[in-house]
Protein chains: 2
Amino acid sequence: MRNATLGLLAGLLVSVAVPAMANDSVLAGQDDPKQWSMQLSNYAGTSYSELDQITKDNVGDLQVAWTFSTGVLRGHEGSPLVIGNVMYVHTPFPNMVYALDLNEDGKILWRYVPEQNPDVIGVMCCDTVYRGLAYADETIFLHQADTTLVALDANTGDVKWSVVNGDPSKGETNTATVTVIRDKVIVGISGGEYGVRGHMTAYNTADGSMVWRAYSTGPDDEMLVDPEATTHLGTPIGADSSLNSWEGDQWQIGGGTTWGWTTYDPELNLIYYGTGNPSTWNPSQRPGDNKWSMTIMARDPDTGMAKWFYQKTPHDEWDYDGVNENLLVDKEIDGEMRKLLVNFDRNGFAYTLDRETGELLVAEKYDPAVNWATHVDMDPESETYGRPQVVAEYSTEQNGEDVNTTGICPAALGTKDQQPSTYSPKTGLFYVPTNHVCMDYEPFRVSYAAGQPYVGATLSMFPAPNSHGGMGNFIAWDALEGEIKWSLPEQFSVWSGALATAGDVVFYGTLEGYLKAVDAETGDELYRFKTPSGVIGNVFTYEHDGKQYVGVLSGIGGWAGIGLAAGLTNATDGLGAVGGYAALSDYTALGGQLTVFSLPN
Amino acid sequence: MRNATLGLLAGLLVSVAVPAMANDSVLAGQDDPKQWSMQLSNYAGTSYSELDQITKDNVGDLQVAWTFSTGVLRGHEGSPLVIGNVMYVHTPFPNMVYALDLNEDGKILWRYVPEQNPDVIGVMCCDTVYRGLAYADETIFLHQADTTLVALDANTGDVKWSVVNGDPSKGETNTATVTVIRDKVIVGISGGEYGVRGHMTAYNTADGSMVWRAYSTGPDDEMLVDPEATTHLGTPIGADSSLNSWEGDQWQIGGGTTWGWTTYDPELNLIYYGTGNPSTWNPSQRPGDNKWSMTIMARDPDTGMAKWFYQKTPHDEWDYDGVNENLLVDKEIDGEMRKLLVNFDRNGFAYTLDRETGELLVAEKYDPAVNWATHVDMDPESETYGRPQVVAEYSTEQNGEDVNTTGICPAALGTKDQQPSTYSPKTGLFYVPTNHVCMDYEPFRVSYAAGQPYVGATLSMFPAPNSHGGMGNFIAWDALEGEIKWSLPEQFSVWSGALATAGDVVFYGTLEGYLKAVDAETGDELYRFKTPSGVIGNVFTYEHDGKQYVGVLSGIGGWAGIGLAAGLTNATDGLGAVGGYAALSDYTALGGQLTVFSLPN
Ligand SMILES: O=C(O)c1cc(C(=O)O)c2c(n1)C(=O)C(=O)c1cc(C(=O)O)[nH]c1-2
Ligand SMILES: O=C(O)c1cc(C(=O)O)c2c(n1)C(=O)C(=O)c1cc(C(=O)O)[nH]c1-2
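Note that the structure is a prediction, hence the values are computed from the model and not measured.

Caption draft 1: Representation of the overall build of chain A in the model. Across its full length, chain A holds six helices and 40 strands. Taking 25 Å as the expected radius of gyration for a compact globule of 601 residues, we find that chain A reaches 22 Å, a close match to that expectation. Per-residue burial over chain A gives 67% buried out of 601 residues. Put simply, of all contacts in chain A between residues at least 6 apart along the chain, 61% involve residues at least 24 apart. Summing over all exposed atoms, chain A offers an accessible surface of approximately 18900 Å²; the carbon and sulfur share of this is 48%.

So this is what it looks like as structure tokens:
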């Protein structure tokens with residue numbers, strides 16, 4: 001054993017490749033619009049495709065080309081990958097993988113069925129979702145619900161290696177996709193509702209050995225920060241920045257999990273991701289800013305070392321996890337090209353930052369209903385620079401434990417949750433699937449026990465009052481002006497990932513089950529089709545045999561659909577979502593299907 | 001309690017309606033091709049539709065119009081019903097019912113979710129299938145797996161009454177649809193693999209009270225036969241016809257279950273259905289003809305009294321249940337119009353009988369591979385009149401217990417199983433989804449214990465040798481000539497019900513998941529579409545808002561798909577089907593979806 005391990009390590013030393021900008025196979029994939037090689041289409045996370053066979057003029061003729069049932073019910077998030085002539089389809093727990101032969105009408109080349117202890121289902125906060133596979137170098141990376149990270153031979157489905165990232169008995173689970181950068185695969189962890197201490201971890205793609213782990217909270221060395229070099233809004237974070245922002249040891253069970261999307265700038269060699277809510281949801285139990293929960297983090301993927309942080313919601317009182325995708329786009333500001341990062345946060349503010357420095361450029365509400373804060377202080381000289389200005393009426397901390405704070409907008413699931421937005425370089429606009437939901441929130445004292453829910457608040461949710469009555473909007477956003485360009489009201493939250501294409505069409509799915517296509521300029525609806533079940537998957541596109549296809553996974557679930565997915569009926573169950581989305585059961589039932597569309601021949 | 005019961009009975013006495021020809025609402029439904037008001041389209045069981053908007057010339061343009069996930073996996077047999085603007089969709093266990101509003105894109109008007117003890121799954125021989133709902137007089141009739149018969153208000157889904165027909169702890173279950181005739185709902189029972197003694201039972205549609213029960217085996221009075229008036233091939237069956245054909249009390253655990261389809265001739269006022277295999281599958285344990293297993297029965301629906309029987313496979317040695325649908329058509333023979341009954345039996349013979357008298361007119365193999373019998377003796381003077389002439393080599397009884405009889409064709413699941421055939425009055429042809437599968441069969445001694453499998457044979461299945469390599473054919477059949485007109489080879493058994501329409505198109509589904517449309521004259525393939533999962537449901541059609549739709553349930557399962565459905569991998573599991581259909585897992589995964597097609601606008 002000892003010798004074998006030594007041999008492995010020795011092998012590692014000689015196999016270090018000359019570092020390219022990123023992973024060559026991933027770069028090749030994102031540069032070939034015929035493939036869909038990453039969950040968000042590219043490292044920049046724009047979910048944009050250069051394919052333009054399907055246009056705003058012909059998208060109305062779209063037809064269903066073929067379909068595939070995954071054999072699993074409950075929430076289907078993420079999207080399949082398309083590499084060459086093979087489509088890789090994942091499922092929610094038990095996280096099966098199918099390799100489908102696109103040359104043979106979707107014949108199943110191989111399937112991988114993990115063996116997982118079903119107990120993990122009990123400690124997944126928001127349905128048994130999984131946001132999809134990653135691909136690099138003939139390898140499919142699967143990150144199971146039980147946190148087992150598996151490298152599968154893309155041609156055979158054989159396991160190359162597997163490694164365990166967390167411990168479900170402590171509430172550590174996984175729902176996120178992973179990101180491959182050069183020879184590392186970077187993975188997060190879920191469990192903010194179980195007091196899990198969040199971290200990001202890099203494993204070697206060759207053998208699964210751990211390279212680095214960066215905690216979201218705790219001592220500097222465990223967070224991989226440099227008190228002088230790591231900055232927050234241009235200022236060094238200083239020593240013990242996290243420890244100083246918590247009372248006692250609360251940071252050890254303080255959340256800041258990393259269950260969202262990671263994007264990457266190969267030139268700056270920085271990854272970007274966000275951290276989730278501080279635990280518990282009862283703010284009185286954790287005085288302080290609770291750093292670095294609710295934070296956008298920019299890190300070096302090779303070492304894990306943090307370059308800059310931006311904490312969007314210090315001392316969260318509403319469960320506004322800061323994990324949403326950070327879209328990386330370059331735009332001219334005042335005559336100068338800037339490397340930007342755009343983030344549609346749960347808290348209802350859309351942020352535009354300089355992604356090199358972490359400078360805050362824009363912070364505006366992207367739903368007018370947002371009321372918990374008046375604005376974000378944009379004055380660099382101010383003591384509260386970069387902080388949302390909380391409205392006392394909606395402060396669950398100020399109102400105190402066992403008091404029901406009513407009418408907070410947005411609800412805990414935010415103005416946007418996991419559903420990725422998209423960006424079209426042709427229009428320069430961001431297209432954002434949003435929630436238009438408010439809540440009542442009553443915090444209560446809770447004690448920690450490993451593997452037990454550590455929530456400490458009772459919620460109810462309802463459509464934003466005095467509005468169109470629905471629970472969602474699909475909007476187009478100008479990230480420089482900080483302005484909504486147009487907004488399409490939806491009956492339910494838009495919980496699906498959107499896709500913009502060079503055909504000037506934007507696609508998204510709805511919780512009732514529609515796939516919709518709208519004009520990227522005007523938002524006019526051009527096509528709709530009722531898929532088998534509610535859509536919380538991300539719309540994707542690929543080309544095969546000269547033909548463009550658009551696809552999406554159906555399968556109601558996720559937090560919004562947890563009532564249907566888990567069979568809950570008590571209004572405050574599902575962390576308050578059951579009552580809010582009760583009407584969903586009038587429209588759809590559980591599913592798990594891929595629907596693929598194309599133009600007629 | 002006593003008074004309440006009396007009141008009920010008194011109510012019954014006064015509420016007897018003037019007997020119409022059949023149930024008026026059912027007749028109205030079958031006469032309106034816009035609706036799909038019965039599982040097999042009409043009382044005659046022809047699964048034919050007069051709708052002709054979709055024709056052989058335009059069916060190639062078919063598109064998916066909308067889809068619906070049932071929220072249940074495993075085998076989906078039968079079809080939804082369409083009554084007015086509402087579609088009623090059923091599921092396999094737990095036998096949910098959805099009422100979908102066709103005016104509102106399939107919005108769910110109501111859903112009914114029965115509470116059933118899941119133990120029943122363990123005593124269902126051939127997957128948790130359910131062959132669909134019945135409708136009459138604003139009432140939906142649901143016959144659950146656990147044999148609870150429920151009458152639901154078609155407008156609200158409220159339970160009007162329910163009654164229990166059998167005892168799952170003894171292996172009594174249900175998979176069949178029910179048939180409403182006037183004020184009675186007629187229901188069968190499953191469990192031939194558990195030694196269940198089969199019966200047909202009529203309940204009052206008004207309150208669920210039992211009207212009559214006719215056992216398939218046993219004493220004359222329990223079978224509702226008249227030894228003089230009930231005939232077999234023109235001859236009175238005589239006293240104790242069943243008892244005399246069994247050794248001792250074996251008939252009490254002797255099968256003859258009634259899990260197939262019931263058809264009805266309103267003019268003759270006769271229902272037609274078949275009885276299943278005698279128990280056990282080890283023929284040496286039950287000497288005799290085992291009457292009246294494997295028998296077509298013609299009965300008066302008002303009294304249950306039998307008019308005639310025809311036993312197709314006396315003393316079964318292969319599990320060739322005789323329950324397949326009896327299609328009722330009128331045809332000219334020798335210048336005279338005859339009321340015919342056509343039956344494609346599991347044993348590989350297609351029978352044409354006079355349905356008034358039970359006279360046997362034609363009995364020919366509808367798959368040339370059939371080898372267990374040379375022919376059916378058609379000589380009325382012969383001692384073996386009407387009996388298949390068994391080939392000794394393939395007689396599992398003659399070869400004896402613990403001897404593996406090899407190469408028997410068809411396999412136990414027959415040349416056709418539950419999948420209903422269709423008849424087009426325009427072509428005069430029958431279109432039959434068939435199996436092209438053979439088997440090895442090794443009987444062994446088994447003892448009976450209530451609720452335990454009572455099978456007594458080990459099987460393996462394989463494609464018919466020296467043929468096209470596939471396991472199925474879709475054929476057109478001339479029932480007067482007893483001849484195949486054309487035959488389309490299929491890789492797997494065609495386990496879906498077929499639909500013929502006035503548009504000269506015949507539709508069927510495949511186990512890989514295709515919906516196929518073929519030319520009714522020539523069999524040329526005109527259209528195919530890959531639905532989400534393997535198809536074992538029946539294709540159906542309806543018209544809404546002036547537009548013809550064709551639909552089918554996907555969801556791999558049934559006996560052929562039991563390996564996938566129940567997650568079995570041992571080749572001889574699933575009564576031998578697991579090995580035979582192992583390749584199915586290369587094509588499809590579990591599902592439960594409705595796909596509805598229409599022509600483009
Ligand atoms: O704090 C966490 O660790 C954590 C994990 C997850 C998850 O892993 O899905 C969600 C959340 N939080 C959460 O706050 C949330 O709104 C949410 C929605 C969803 C979803 O997939 O619909 N997951 C999660
Ligand atoms: O003897 C019986 O009671 C019984 C019941 C059933 C059933 O209820 O599904 C089947 C069978 N037998 C059977 O022999 C058979 O081939 C079969 C196929 C199927 C199916 O749905 O695919 N069920 C049944």
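Caption draft 2: View of the site of ligand 1. All names here are of chain A. Looking at ligand 1, there are 21 residues lining it, with Glu77, Ser190, Gly191, Thr257 and Asp417 nearest. Taking Gly192, its main chain carries an N or O atom lying 2.7 Å from an oxygen atom of ligand 1. Residue Glu193 places a side-chain N or O atom 3.1 Å away from an oxygen atom belonging to ligand 1. In isolation ligand 1 offers 470 Å² of accessible surface; the protein chains occlude 98% of this area. The residue makeup of the shell around ligand 1, split by class, is six nonpolar, eight polar and seven charged.

Caption draft 3: Inspection of helix α2 (residues 24–31) of chain A at higher detail. Residue and element names in this part refer to chain A. What α2 keeps buried is the set Val26, Leu27 and Gly29. For α2, the angular spread of the buried residues around the axis is 160°, confining them to a single face. Those residues of α2 that are exposed and aimed more than 90 degrees away from the buried face are Asp24 and Asp31. Structurally, α2 contributes buried residues whose contacts are with β7 (134–136) and β11 (179–181).

Caption draft 4: Here's a closer look at the environment of Ser49(B). Residues and elements named next belong to chain B. Mapped onto the secondary structure, Ser49 falls in strand β1 (residues 48–49). Spatially, the C-alpha atom of Ser49 lies 7.2 Å from that of Thr541, the residues being 492 residues apart in sequence. Setting aside its immediate chain neighbours within four residues, Ser49 contacts Pro33, Trp36, Leu499, Ala500, Thr501, Ala502 and Thr541. At 3.0 Å, the side chain of Ser49 and the backbone nitrogen of Leu51 are in polar contact.

Caption draft 5: Examining the interface of chain B and chain A more closely. Of the residues lining the interface, 33 residues belong to chain B; the matching set on chain A comes to 33 residues. Summed over both partners, the interface of chain B with chain A comes to about 2500 Å²; 50% of that surface belongs to carbon and sulfur atoms. Across the contact surface, chain B and chain A share zero salt bridges. Our count for the chain B to chain A interface comes out at 22 residue pairs in polar contact (both at pLDDT 80 or more). Residue assignment for the side of chain B that touches chain A shows that the elements contributing at least two residues are β2 (63–69), β6 (107–112) and β37 (525–530) of chain B. The leading source of residues in the side of chain B that touches chain A is β2(B), at seven residues. In terms of residue class, the side of chain B that touches chain A is built from 15 nonpolar, 13 polar and five charged.

Caption draft 6: Broad picture of the site of ligand 2. All names here are of chain B. Around ligand 2 there are 21 residues in total, and Thr175, Ser190, Gly191, Thr257 and Asp417 lie nearest to it. Within the contact set of ligand 2, an oxygen atom lies 2.7 Å away from a side-chain nitrogen or oxygen of Ser190. Calculation on ligand 2 without its partners gives an accessible area of 470 Å², and the protein chains cover 99% of this total. Residues belonging to the shell around ligand 2 are distributed by class as follows: six nonpolar, eight polar and seven charged.

Caption draft 7: The arrangement of the side chain of His199(A) in detail. All names here are of chain A. Tracing the sequence through the fold places His199 in strand β13 (residues 199–204). Owing to a relative accessible area of 2%, His199 belongs among the buried residues under this scheme. A polar atom in the side chain of His199 sits 3.3 Å from the side chain of Thr201.

Caption draft 8: Here's a closer look at the nonpolar core. Membership of the largest hydrophobic core comes to 114 residues, with the highest contact counts inside it found for Trp559(A), Tyr581(A), Met439(B), Met461(B), Trp559(B) and Tyr581(B). Ignoring sequence-local partners within four residues, the contact set of Tyr581(A) consists of Leu413(A), Val437(A), Met461(A), Met471(A), Phe492(A), Ser493(A), Trp495(A), Leu511(A) and Ala560(A). Counting 104 residues, the second largest nonpolar core, distinct from the first, contains Tyr88(A), Val505(A), Phe540(A) and Phe529(B).

Caption draft 9: How the structure looks around the pairing of strand β13 (residues 199–204) of chain B. Residues and elements named next belong to chain B. Of all six residues in β13, six are buried, a share of seventy percent or more. What you see with β13 is no split at all: His199, Thr201 and Tyr203 on one side and Met200, Ala202 and Asn204 on the other are buried throughout. Direction of pairing for strand β12 (residues 184–187) relative to β13: antiparallel, over a ladder of four bridges. If you follow Lys184 over to β13, its bridge partner there is Asn204. Bridge analysis of β13 against strand β14 (residues 210–215) gives five bridges, and the strand direction is antiparallel.

Caption draft 10: Structural context of the pattern of salt bridges. Counted under the stated rule, the structure contains 48 salt bridges over all chains. A salt bridge links Glu525(A) to Arg528(A); the nearest nitrogen and oxygen atoms lie 2.7 Å apart. Given the relative accessible area of 40%, Arg528(A) is considered partly exposed. We note a salt bridge from Lys312(B) to Asp345(B), for which the minimum N-O separation is 2.7 Å. Here Lys312(B), found in the loop between β20 (306–311) and β21 (326–333), pairs with Asp345(B), found in the loop between β22 (336–344) and β23 (349–354); they are 33 residues apart in sequence, far enough to count as distant.

Caption draft 11: Representation of the sheet that holds β2(B) in the model. Residues and elements named next belong to chain B. Taken together, four strands build an open sheet; the order of strands is β2-β40-β39-β38 and the sheet is antiparallel. Either end of the sheet is taken by a strand with one partner, and the two such strands are β2 and β38 (540–544). Along the sheet, successive strands turn relative to each other by an average axial angle of 25°, direction set aside. Of the pairings in the sheet, the one linking strand β39 (residues 547–554) to strand β40 (residues 593–598) comprises five bridges and is antiparallel in character. Paired with Val550 across the bridge in β40 is Phe597.

Caption draft 12: Expanded view of the relation of the copies chain B and chain A. The operation relating chain B to chain A is a screw motion whose rotation component is 180°, with 0.0 Å of axial translation and a residual RMSD of 0.0 Å. On this basis, the relationship between the two copies can be described by a two-fold rotation axis. In this assembly, 100% of the residues forming the interface of chain B have copies in chain A that are likewise at the interface, indicating an isologous arrangement.

Caption draft 13: Spatial organisation of unusual backbone geometry. Across the junction of Ser279(A) and Thr280(A), the peptide omega takes the value 0°, indicating a cis bond. Residue position: Thr280(A) is located in the loop between β18 (270–274) and β19 (295–299). The omega angle of the peptide bond from Phe93(B) to Pro94(B) is 10°, so this bond is cis rather than trans. A positive phi is found at Leu224(B), a non-glycine position, where the angle reads about 55°. As for its placement among the helices and strands, Leu224(B) is situated in the loop between α3 (220–223) and β15 (231–232). According to the relative accessible area criterion, Leu224(B) is buried, its value standing at 16%.

Reading the values: the criteria
- Residues numbered from 1 in each chain as written.
- Chains lettered and ligands numbered in written order.
- Predicted model: local features only at pLDDT ≥ 70, side-chain atom pairs only at ≥ 80, totals over all residues.
- Heavy atoms only, no water.
- Helix = DSSP H or I, 4+ residues; strand = E, 2+ residues; numbered from the N terminus.
- Rg over C-alpha atoms; globule rule 2.2 N^0.38 Å.
- Buried < 20%, exposed > 50% of the residue type's maximum accessible area, 1.4 Å probe, protein only.
- Contact = heavy atoms within 4.5 Å.
- Areas by Shrake-Rupley, 256 points an atom, 1.4 Å probe, with all protein chains shown as cover.
- Near = heavy atom within 4 Å.
- Polar contact = N/O pair within 3.5 Å; in protein donor to acceptor, adjacent residues only side chain to side chain.
- Nonpolar A, V, L, I, M, F, W, Y, C, P; charged D, E, K, R; others polar.
- Arc of directions from axis to C-beta.
- Buried area = accessible area lost by both parts, 1.4 Å probe.
- Salt bridge = Lys/Arg side-chain N within 4 Å of Asp/Glu carboxyl O.
- Core = buried A, V, L, I, M, F, W, Y, C linked by side-chain atoms within 4.5 Å.
- Pairing = 2+ DSSP bridges.
- Axes fitted to C-alpha atoms, helices over the stretch in contact; angles between N-to-C directions.
- Least-squares fit on C-alpha atoms with pLDDT ≥ 70 in both.

These values are about where atoms sit, not about what they do.
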